[in-house]
Amino acid sequence: MKQEIPYKIYLEESEMPVSWYNMRADMKTKPAPLLNPGTLKPMTFEELSGVFCDELVAQELDEDTAFIEIPQEIRNFYKMYRPSPLVRAYCLEEKLQTPAKIYYKFEGNNTSGSHKLNSAIAQAYYAKKQGLKGVTTETGAGQWGTALSMACAYLGLDCKVYMVKVSYEQKPFRREVMRTYGASVTPSPSETTNVGRKILAEHPGTTGSLGCAISEAVEVATTNEGYRYVLGSVLNQVLLHQSVIGLESKIAMDKYGITPDIIIGCAGGGSNLGGLIAPFMGEKLRGEKDYRIIAVEPASCPSFTRGKFAYDFCDTGMICPLAKMYTLGSGFIPSPNHAGGLRFHGMSTVLSQLYHDGFMEAKAVEQTSVFEAAEMFARVEGILPAPESSHAIRAAIDEALKCKETGEEKTILFGLTGTGYFDMVAYEKFHNGEMNDHIPTDAELQVGFDGIPKFPGNEI
Ligand SMILES: *Cc1c(COP(=O)(O)O)cnc(C)c1O
């Protein structure tokens with residue numbers, strides 16, 4: 001059924017997914033459970049529900065249900081900006097003179113500018129349904145905070161955002177978008193929490209990190225009546241919600257009989273990649289099909305490629321549960337790389353297990369080569385990509401160039417997670433030749449590894 005492939009493949013409303021897909025249901029080796037750092041026992045529903053909304057805890061702990069229905073209200077919200085287009089990158093193929101066929105799923109087509117809205121609306125919906133007053137969260141580059149602010153405004157929930165200080169200062173416009181949607185935004189570390197004051201005392205002048213902003217947001221959620229904490233990445237529930245990206249991609253590709261050989265996504269905490277690959281990984285796990293799956297991360301924050309697979313804290317303040325994941329240590333503060341969304345020290349436990357079991361590959365790329373790819377992409381495809389997304393572009397271009405050498409007509413699918421309008425300071429540095437590639441030394445990484453908790457069974 002070879003038809004001419006349109007530039008953009010859209011879905012009819014009636015073709016849109018009605019359920020999210022939970023990859024864990026098809027994993028033979030399930031991701032290790034979150035542990036209570038005090039008792040080292042798996043976190044129970046009761047313990048987690050002090051921090052997260054009940055329904056989200058249920059999703060977090062559910063490793064058996066493959067398909068979880070998307071509530072109608074969330075599907076209605078999705079219709080405002082989904083389906084997102086699946087684009088055949090004809091112009092990029094032409095520019096590269098490659099026989100490869102390149103597709104990208106573009107998630108930047110909403111005001112928050114990234115895929116994060118897919119989970120923000122789901123998490124805000126369950127908080128509202130539980131009768132809560134509001135939610136707290138952290139944001140790195142600002143995309144998650146923006147998405148959550150939009151979702152909370154839509155549902156009439158209060159939203160308190162702790163924003164990594166370096167981004168708060170570098171991205172005043174993101175901050176103001178959040179405030180436009182009614183959120184309160186505090187630079188982290190701040191004097192407003194115990195953990196923030198402690199971090200400031202130990203590291204005066206720190207530019208902050210996602211890990212420390214998480215500690216502050218959790219503290220505020222657990223000490224204020226009617227509030228819960230929400231997280232934009234890493235957690236199983238977030239990967240579940242993001243599966244809408246992969247499900248839509250697969251439905252669109254199936255319509256035209258397209259099968260990707262290689263699937264590529266950038267990986268910060270793993271949510272867009274986990275979402276994009278979900279239905280494809282499902283087939284791979286069930287032994288029905290095989291795909292090459294590549295996670296792309298910054299060389300300055302190389303959790304998969306140079307991290308340890310061990311139980312570690314998700315936050316700098318060490319108050320969150322322990323997660324078994326590829327980690328650089330919760331004390332690792334990456335150099336001020338411009339892809340703020342990829343600066344987390346850890347990785348989704350689902351993706352960590354899949355990587356550990358050989359179901360996917362990972363590659364680290366340097367910042368200047370990422371911006372070269374971003375600029376080429378912007379010039380030929382028109383979309384001005386986020387620095388995070390551009391990691392996937394870099395890897396996709398590299399694979400397409402390999403096809404040029406070998407003459408192979410591979411089909412490449414990559415996730416274009418968002419737009420980069422708020423990242424023009426980074427683009428400016430790149431254009432002025434002031435961008436550098438900081439690759440941490442083994443000794444620098446060791447400092448982070450030394451902070452990984454030690455207990456029987458967690459030797460690194
Ligand atoms: C947050 C973000 C990422 C990285 O987060 P994941 O959870 O790994 O997907 C990538 N791209 C954009 C545009 C983001 O906002």
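In this report, we go over the structure that sits alongside the text. Since this is a predicted model, take the numbers as computed values, not measurements.

Let us now look at the overall build of the chain. Of regular secondary structure, the chain possesses 18 helices and 15 strands. Computed over the C-alpha atoms, the radius of gyration of the chain is 20 Å, within 12% of the 23 Å expected from 2.2 N^0.38 for a compact globule of 460 residues. Dimensions along the principal axes, computed over C-alpha positions, put the chain at roughly 60 × 50 × 50 Å. Taking all 460 residues of the chain together, 63% fall into the buried category. Pairs at least 24 residues apart make up 76% of the contacts formed inside the chain by residues separated by at least 6 positions.

Our focus in this paragraph is the packing of aromatic side chains. Using the criterion set out here, one finds 18 aromatic pairs in the structure. Measuring from ring centre to ring centre gives 6.2 Å for Tyr-311 and Phe-455, while their planes differ by 45°; the resulting arrangement is tilted. Of the two residues, Tyr-311 sits in strand E12 (residues 308-313) while Phe-455 sits in the segment after helix H18 (442-450), which places them 144 residues apart along the sequence. Overall, the relative accessible area of 14% leaves Phe-455 in the buried class. Clustering of aromatic rings is evident, with ring pairs tying together Phe-77, Tyr-78, Tyr-81 and Tyr-154. The cationic tip of Arg-175 hangs over the ring face of Tyr-168; the distance from NZ or CZ to the ring centre is 4.6 Å. The ring centre of Phe-449 lies 4.8 Å from the NZ or CZ of Lys-308, which sits over that ring.

A word on the site of the ligand. Residues in close proximity to the ligand total 19 residues, the closest being Lys-116, Ser-233, Gly-268, Ser-271 and Thr-417. The separation between an oxygen atom of the ligand and a polar side-chain atom of Ser-233 is 2.5 Å. At 2.9 Å from an oxygen atom of the ligand is found a main-chain nitrogen or oxygen belonging to Gly-270. Coverage of the ligand by the protein chains reaches 98% of its 380 Å² of free accessible surface. Among the cavities detected, the one that contains the ligand is the largest cavity. Of all elements in the fold, only helix H12 (271-285) and helix H16 (387-406) reach the threshold of two or more residues within the shell around the ligand.

Here we come to helix H14 (residues 349-356). Given 3.6 residues to a turn, an α-helix orients residues that are three or four positions apart in the same direction. H14 sits mainly inside the fold: six of its eight residues count as buried. Turning to H14, its buried residues are Thr-349, Val-350, Leu-351, Ser-352, Gln-353 and Leu-354. As for H14, its buried residues are in contact with helix H11 (236-255), H12, helix H13 (303-306), E12 and strand E13 (322-327). The opening residue of H14 is Ser-348, an N-cap whose side-chain oxygen sits 3.1 Å from the backbone nitrogen of Val-350.

Bringing the layout of surface pockets into the picture now. Here the largest pocket is characterised by a volume of approximately 240 Å³. Classifying every residue of the lining of the largest pocket gives 11 nonpolar, two polar and three charged.

To continue, consider empty space enclosed by the protein. Taken as a whole, this structure holds six cavities of 30 Å³ or more when the rule is applied. Of the pockets and cavities examined, the largest cavity occupies roughly 360 Å³. If you go around the largest cavity, you meet 34 residues; those closest to its centre are Lys-116, Leu-210, Ser-233, Gly-269 and Gly-341. Of all the secondary structure elements, the ones that give two or more residues to the lining of the largest cavity are strand E6 (134-139), helix H6 (143-155), helix H10 (210-223), H12 and H16. Of the residues contributing to the lining of the largest cavity, the split by class is 12 nonpolar, 19 polar and three charged.

Right, let's get into the nonpolar core. Trp-20, Met-23 and Met-360 are the most contacted members of the largest nonpolar core, which totals 73 residues. Among the elements that make up this core, the one with the highest residue count is helix H5 (residues 117-129) (eight residues). Leave out the neighbours within four places in its chain, and Met-23 touches Leu-239, Gly-274, Ile-277, Ala-278, Met-281, Leu-285, Val-350, Leu-351 and Leu-354. Membership of the second largest hydrophobic core comes to 27 residues, among which are Leu-96, Phe-106, Val-365 and Ala-373.

Calculation rules
- Residues numbered from 1 in each chain as written.
- Predicted model: local features only at pLDDT ≥ 70, side-chain atom pairs only at ≥ 80, totals over all residues.
- Heavy atoms only, no water.
- Helix = DSSP H or I, 4+ residues; strand = E, 2+ residues; numbered from the N terminus.
- Rg over C-alpha atoms; globule rule 2.2 N^0.38 Å.
- Buried < 20%, exposed > 50% of the residue type's maximum accessible area, 1.4 Å probe, protein only.
- Contact = heavy atoms within 4.5 Å.
- Phe/Tyr/Trp six-rings, centres within 6.5 Å; stacked < 30°, edge-to-face > 60°.
- Lys NZ or Arg CZ within 6 Å of the ring centre and 35° of its normal.
- Near = heavy atom within 4 Å.
- Polar contact = N/O pair within 3.5 Å; in protein donor to acceptor, adjacent residues only side chain to side chain.
- Areas by Shrake-Rupley, 256 points an atom, 1.4 Å probe, with all protein chains shown as cover.
- 1 Å grid on protein atoms, 1.4 Å probe; cavity = no way out; pocket = protein on both sides within 12 Å on 5 of 7 lines; lining within 4 Å.
- Sits in = over half its atoms within 2 Å of the grid points.
- Points joined across faces, edges and corners; volume = space filled by probe spheres on them.
- Nonpolar A, V, L, I, M, F, W, Y, C, P; charged D, E, K, R; others polar.
- Core = buried A, V, L, I, M, F, W, Y, C linked by side-chain atoms within 4.5 Å.

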